[in-house]
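Chains, contacts and geometry: an overview
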Amino acid sequence: MTNIPETGRTPRIQIRLVVIQILVLSLLGTLGGRLWYLQIREGAAYQKEASGNHVQQVVDPAVRGDILDARGVPLADNETRLVVSASRTDLLKQKDDGKAVLTKLAGVLGITPAEVMQKVRLCDAKTPQPCWNGSPYQPIPITDEATAKQALQIRERSEDFPGITAEPEAVRRYPAPGKSNSAQVLGYLSPVTDSEIQQAQHTDSPYLRSDMVGRSGLERQYDKVLRGKAGVTRYEVDNLGRVIGKAKSDAAESGSNLVTSIDSRVQRVAEYELDKAMKVARQQYDKITGENYKADSGAVVVMEAKTGRIVAMASAPTYDPNVWVGGISGKDYKALTGKDSDYPLLNRAIQGQAAPGSTFKVVSTAAAVEAGYAFDGRYPCTSSYSVGGQVFKNFEGENFGPISLGRALEVSCDTVFYGLADREWKRDGGINPEKGRPKDYFFKAAHQFGLGAETGVDLPNEVTGRVPDRQWKLNYWKANKDAWCRSGKKDGSYVEKIAYENCLEGDKMREGDEINYSIGQGDTLVTPIQEAVIYGAVANGGTMYQPTIGKAVISADGRTVQEIKPKKRGRLPVSQATLKGMNDAFAGVITRGTAAWKFGGWPQDRIPLHGKTGTAEVYGKQTTSWLATYSKDYTVIMTIAQAGTGSGASGEAVRNIYSALYGVQADGTVDKKRAMLPEPQKGLPKVRPDGTIAAPKVTGDPAKDAEAAQKNNPTNGDDEQPAGTTAPPTTGNRDTRRTRRRSRGTGSRRMPS
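Attention here is on the structure that accompanies the text.

Another aspect to go through is the overall build of the protein chain. Along the backbone of the protein chain there are 24 helices and 25 strands. Across the 753 residues that make up the protein chain, the buried fraction comes to 52%. Within the protein chain, contacts between residues separated by at least 24 positions form 71% of all contacts whose residues are at least 6 apart in sequence. When the accessible surface of the protein chain is split by element, carbon and sulfur atoms take 51% of a total near 34,800 Å².

Let us look at the state of the cysteines. Here, disulfide denotes a covalent bond that connects the sulfur atoms of two cysteines. Inspection of the entire model under this criterion finds 3 disulfides. Between the sulfur of Cys-123 and that of Cys-131 lies a disulfide, 1.9 Å long from S to S. Residues Cys-123 and Cys-131 are joined by a disulfide whose S-S torsion is about 105°; by sign, that bridge is right-handed. Each disulfide pairs two cysteine sulfurs, and for Cys-485 the partner residue is Cys-503, the sulfurs being separated by 1.9 Å. Residues Cys-485 and Cys-503 are joined through a disulfide that is right-handed, its torsion about the S-S bond being 90°. With a gap of 18 residues between them, Cys-485 in helix H18 (residues 470-487) and Cys-503 in helix H19 (residues 494-505) connect regions that are remote in the sequence. Judged by its relative accessible area of 34%, Cys-485 is partly exposed. Here the protein chain pairs its bonded cysteines, counted in sequence order, in the arrangement 1-2, 3-4, 5-6.

The subject of this paragraph is the nonpolar core. Looking at soluble globular proteins, one finds that nonpolar side chains tend to be buried together. Grouped together as the largest cluster of nonpolar side chains are 136 residues, with contacts concentrated most on Val-302 and Val-416. When residues no more than four places from it in sequence are discounted, the contact partners of Val-416 are Tyr-379, Pro-380, Cys-381, Ile-403, Leu-405 and Ala-408.

The next subject is empty space enclosed by the protein. Taken as a whole and judged by the stated rule, the model has 4 cavities of 30 Å³ or more. Of the voids in this model, the second largest cavity is the one considered here, and its volume is about 40 Å³. Thr-359, Phe-360, Val-362, Val-363, Leu-451, Val-526, Glu-531, Ile-534 and Tyr-535 are the residues that line the second largest cavity. When contributions to the lining of the second largest cavity are tallied by element, the ones reaching two or more residues are helix H14 (361-370) and helix H21 (528-540). A per-class count over the lining of the second largest cavity returns 7 nonpolar, 1 polar and 1 charged.

Taken as a whole and assessed by the stated rule, the structure comprises 32 salt bridges. Residues Asp-523 and Arg-466 are paired through a salt bridge, measuring 4.0 Å at the closest nitrogen-oxygen approach. With Asp-523 in the loop between helix H20 (511-518) and H21 and Arg-466 in the loop between helix H17 (441-448) and H18, this residue pair connects regions lying 57 residues apart in the sequence. Assessed through its relative accessible area of 8%, Asp-523 is described here as buried. Of the charged contacts in the structure, one is a salt bridge between Glu-505 and Arg-510, with a shortest N-O distance of 3.8 Å. Taken together, the salt bridges that share partners define one network made up of Arg-64, Arg-172, Asp-211, Glu-219, Asp-223 and Arg-227.

With that settled, consider the packing of helix H16 (residues 414-427) against H20. The relative placement of two packed helices is expressed as an angle between their axes plus a distance between the axes. Put simply, H16 and H20 touch, their axes get as near as 8 Å, and they point 140° apart. Between H16 and H20, the angle is such that the two are oblique. Relative to H20, the crossing made by H16 is right-handed. Judged by residue contacts, Phe-417, Tyr-418, Ala-421, Asp-422, Glu-424, Trp-425 and Lys-426 of H16 engage Glu-511, Glu-514, Ile-515 and Ser-518 from H20. Across the contact of H16 with H20, the residue classes break down as 5 nonpolar, 1 polar and 5 charged.

Our focus in this paragraph is the side chain of Gln-184. Mapped onto the fold, Gln-184 is located in helix H7 (residues 183-186). We classify Gln-184 as buried; its relative accessible area is 8%. Separated by 2.8 Å, the side chain of Gln-184 and the backbone oxygen of Pro-344 make a polar contact. Not counting chain neighbours up to four residues away, the residues in contact with Gln-184 comprise Gly-217, Ser-315, Pro-317, Thr-318, Tyr-319, Pro-344, Leu-345, Leu-346 and Asn-347.

Below, the discussion takes up helix H11 (residues 264-281). Between its first and last C-alpha, H11 extends 26 Å over 18 residues, near the 26 Å set by a 1.5 Å rise per residue. Within H11, 14 of the 18 residues are buried, which leaves it mostly tucked inside the rest of the structure.

Let us now look at the side chain of Glu-219. Tracing the backbone through its elements, the reader meets Glu-219 in helix H9 (residues 217-221). Judged by relative accessible area, Glu-219 falls into the buried class, the value being 0%. In terms of polar contacts, Glu-219 uses its side chain to reach the side chain of Arg-64, at 3.0 Å. In this structure the side chain of Glu-219 is engaged in a polar contact, spanning 2.9 Å, whose partner is the side chain of Arg-172. Residues contacting Glu-219, with those up to four places away along its chain left out, are Arg-64, Ile-67, Ala-76, Arg-172, Tyr-174, Leu-186, Gly-187, Tyr-188, Leu-189, Gly-214 and Leu-226.

Note that Asp-263 resides in the loop between strand S10 (257-260) and H11. Expressed as a C-alpha distance, the spacing of Asp-263 and Ala-312, which sit 49 residues apart in the sequence, is 6.5 Å.

Taken in spatial order, the 5 strands make up an open sheet running S14-S13-S25-S24-S23, and their pairing is antiparallel. The strands lining the two open edges of the sheet, one partner per strand, are strand S14 (310-316) and strand S23 (610-616). Mean inter-strand twist for the sheet, computed between neighbouring axes without regard to direction, equals 5°. Of the strand pairs in this sheet, strand S13 (residues 297-304) and S14 are connected by 6 bridges, and their pairing is antiparallel. In the strand pairing of S14, Gly-298 is matched with Ala-316. Packed onto the sheet, H11 meets S13, S14 and strand S25 (634-641) and runs at close to 30° relative to S14.

This brings us to the packing of H17 against H20. At a minimum axis distance of 11 Å, the contact between H17 and H20 shows a crossing angle of 40°. Classified by the angle between their axes, H17 and H20 sit oblique to one another. Viewed along their axes, H17 and H20 form a crossing whose handedness is left-handed. Touching Phe-442, Phe-443 and Ala-446 of H17 are Glu-514, Tyr-517 and Ser-518, all from H20. Each residue belonging to the contact of H17 with H20 can be placed in one class, and the counts come to 4 nonpolar, 1 polar and 1 charged.

With an omega dihedral of 0°, the bond running from Ala-316 to Pro-317 counts as a cis peptide bond. For Pro-317, the position within the fold is in the loop between S14 and helix H12 (330-337). Positive phi outside glycine occurs at Ala-176, with the angle close to 50°. With respect to the helices and strands, Ala-176 occurs in the loop between strand S5 (164-173) and H7. Its relative accessible area of 32% is what places Ala-176 among the partly exposed residues. Here the phi dihedral of Asp-440 falls at roughly 50°; this positive angle occurs in a residue that is not glycine. Mapped onto the fold, Asp-440 is located in the loop between H16 and H17. Note on Asp-440: relative accessible area 10%, which makes it buried.

The rules behind these values
Residues numbered from 1 in each chain as written. Predicted model: local features only at pLDDT ≥ 70, side-chain atom pairs only at ≥ 80, totals over all residues. Heavy atoms only, no water. Helix = DSSP H or I, 4+ residues; strand = E, 2+ residues; numbered from the N terminus. Buried < 20%, exposed > 50% of the residue type's maximum accessible area, 1.4 Å probe, protein only. Contact = heavy atoms within 4.5 Å. Areas by Shrake-Rupley, 256 points an atom, 1.4 Å probe, with all protein chains shown as cover. Disulfide = S-S within 2.5 Å. Core = buried A, V, L, I, M, F, W, Y, C linked by side-chain atoms within 4.5 Å. 1 Å grid on protein atoms, 1.4 Å probe; cavity = no way out; pocket = protein on both sides within 12 Å on 5 of 7 lines; lining within 4 Å. Points joined across faces, edges and corners; volume = space filled by probe spheres on them. Nonpolar A, V, L, I, M, F, W, Y, C, P; charged D, E, K, R; others polar. Salt bridge = Lys/Arg side-chain N within 4 Å of Asp/Glu carboxyl O. Axes fitted to C-alpha atoms, helices over the stretch in contact; angles between N-to-C directions. Parallel < 35°, antiparallel > 145°, perpendicular 65-115°, else oblique. Left-handed = near helix turned anticlockwise from the far one by under 90°. Polar contact = N/O pair within 3.5 Å; in protein donor to acceptor, adjacent residues only side chain to side chain. Expected span 1.5 Å × (residues − 1). Pairing = 2+ DSSP bridges.

Here's what the structure looks like:
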């Protein structure tokens, strides 16, 4: 027998097991208690503390792509500057909302505290510029022109400048090569707003708070490709700001480069000649108003006739787009938008609309031929045309006798077109036509020529102009009838009489409306870009192209090139026979017609030019100058508001643009070595292996160089009939201005039926 119990355990072992069990249970109890303490009793506190551990994003802004001219010369690029910025978030944590810090910063930067305060305040409906219209959580640039000494002061005394940073950053630059400005074409940048971030968050091109976006011009039109994609590095940090890990990161992708069809040299010449023509016009006396011409605004378009590519586009007045870089000052903003500014932010080449005057006769001629009138027929060009007791005089009472439509274009005979339009008005049923009867050839032709609609140019905010057809008149009458009826008086002032007539029958196409319309007056409005499309189509045989400035998008590494091809919009409603007749007539305008006195000595046998002058009258203002021209390669359109006649104000400037393009010298010879662009640029700039784009250096001032070649031209700009030019039957018809027997244009006289 044995003394070992049945369990096989001695009392000592049992005691040990009991002790172990007690220890295990104690540990489990302690652990359970601790878990209860952490999860239940102190759970809220620890949850709050854990929320301090989050992901912080560090944004690496993408380098914005360059905008280049057709030869690769930068029109907009980037440069590194020392940028001083302020964080509103950090400033608002201080007792005085950071006023003391900003005042101290103003002293370092050498500007007033008020200027600094204005830059960091947020824009709203009640806050005028300057102010910050970007995200309030994004650092706000105070200046991008800090010196190294100023930046060093701020960084070395960081404890005195909480929320203030001074860092080198890539900043947009508009270098103006060869003094070319291109402000309205290029546009400008400003910070993205919170609403824009929200709107774009689910698109394929979302914004980050650090983004600068295009606000006008090419910067806006091609913002998506130019902007690139900012890089984002994500760090996990605790509530003390200590990095505890690194999350997914996205590398920055530089924006693509935009190659345009603009030639910076031609652009400079166009801008220079427009500015000079306006200054010269202001020295000329206007006999009608008894004061000098104001010449307060204008535009030039130079377009390739066979592709629709824009070679130059100038608008006056203009401005320096660099004023927007780093935030615009209150003084500069007022200069750009104030009542006395003449609104230089407007691109008058696509947003300026005015009565076209006699340049519109290209449309009226096509309409007449479509209506059955022979181009080579004989039509009376009398000294006046009478309708309902109202006498419409030809310019200076000229009488050319029976002439063809071609000759009517050359000498800009108004009465020929008065008669044709009046006959069509009567054939259509007069003031009360039967429903469906009016054929309205003159109005339909305008729509077929693309008027009253956008051309589709790749710039934002293009306007449509206006074709005052029957539908427009009805809509306009409905919108204004009450006001006309309140203010109109049968025997009142001129304006009151017009309002009275419009109240009674403003919805009807009256005889005088169609007569005025036939010579580009009345309520007709066109833009320079629309005229460029029309006359470009006449030049190339009838094809209307959609105007384009963008020529190609090239990726930052140079590996991807997306060419922007010319686009056809349609064809002119004109036969080839009529086009030939028009071409001959428009050549006659240059050699023996209304523009001949400005183009004496031009080598017409080597470089044939064609043109049409126009002088549009606008109620309450001086006449608007129009000159529409073309060669086999280019279309050049110039208009200057309140500047006088078509050829008188614009003729010399347009001639000088062609001289620069083709290298025409003062004596009429052609020097191809001096020609800027004797034929349109066909290829794209060379892309180097590293992705950079080769560009020639632009030195000097192309406009001044071109001007020097014209200095000694004895006929260029001479007010007398130039030697060697075939004189028209009378020498008075140098332009298309008519005596002020009535006021025409927007708001012009409505003639009773």
